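Inside the fold
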Amino acid sequence: MHRRINSWFHRQIALWAFLFGRREVALDHWRRVRLLSPNDAAVPATIAHLMSLSRQRAAAMPVMDRALALDDKLDRAWYGKALSLIKLGRVDEAIPLLKRNTELQLMSPFGWYQLAHAYVRIGEQERARPVIRKLSEFEPQVAR
């Protein structure tokens, strides 16, 4: 019980810190939550997301891998790792991760949008076309 209350407390501090633009404080409290809730896959995914926002993209990779090891259906971790790889210039490696993200989140435009852009970045516009078509089925403004 004590552990859950502490976890809740640190989550609240982390959320408020993030809202006030204090990412490092938020990151510190999410790390405390991870110690209290080591099997919660969303926690390392959140830590990885904050690390990637703080330009710690390469360092966020093992954290995302940890999240995926706990729950391979955590679409946010697939997406976050793909974005980090893209920012590091490793677009080819990001494509399978974006595909997995779109399998898990069929109606979320973010993965589809990034997948289309990844194909264009590597010069494969023909592979981007069906992705854009799919995206236009449920998010025509994003597809444009």
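Placed above this text is the structure.
Residues numbered from 1 in each chain as written. Predicted model: local features only at pLDDT ≥ 70, side-chain atom pairs only at ≥ 80, totals over all residues. Heavy atoms only, no water.

**A short note on the pattern of salt bridges**
Scanning the entire structure with this criterion turns up eight salt bridges. Two residues, Glu124 and Arg127, come together in a salt bridge whose shortest N-O distance is 2.8 Å. With relative accessibility at 38%, the residue Arg127 sits in the partly exposed group. (Salt bridge = Lys/Arg side-chain N within 4 Å of Asp/Glu carboxyl O. Buried < 20%, exposed > 50% of the residue type's maximum accessible area, 1.4 Å probe, protein only.)

**Here we look at the side chain of Lys81**
By the element assignment, Lys81 lies in helix 5 (residues 75–87). Residues within four places of Lys81 in sequence aside, it is in contact with Met61, Met64, Asp65 and Leu97. (Helix = DSSP H or I, 4+ residues; strand = E, 2+ residues; numbered from the N terminus. Contact = heavy atoms within 4.5 Å.)

**So, a nonpolar patch on the surface**
Among the surface-exposed residues, Trp16, Phe18, Leu19, Phe20 and Leu53 lie close enough to one another that they form a single nonpolar patch of about 570 Å² accessible area. With respect to the helices and strands, the residue Phe20 is situated in the loop between helix 1 (2–19) and helix 2 (23–36). For Phe20, a relative accessible area of 64% corresponds to the exposed category. (Patch = residues over 30% accessible without salt bridge, like charges linked within 9 Å, V, L, I, M, F, W, Y side chains within 5 Å. Areas by Shrake-Rupley, 256 points an atom, 1.4 Å probe, with all protein chains shown as cover.)

**Focus: helix 6 (residues 91–104)**
The terminal C-alpha atoms of helix 6, which comprises 14 residues, lie 20 Å apart, in line with the 20 Å expected from a rise of 1.5 Å per residue. Residues Val91, Ala94, Ile95, Leu97, Leu98, Asn101 and Thr102 constitute the buried set of helix 6. At its buried positions, helix 6 is contacted by helix 5 and helix 7 (109–121). (Expected span 1.5 Å × (residues − 1).)

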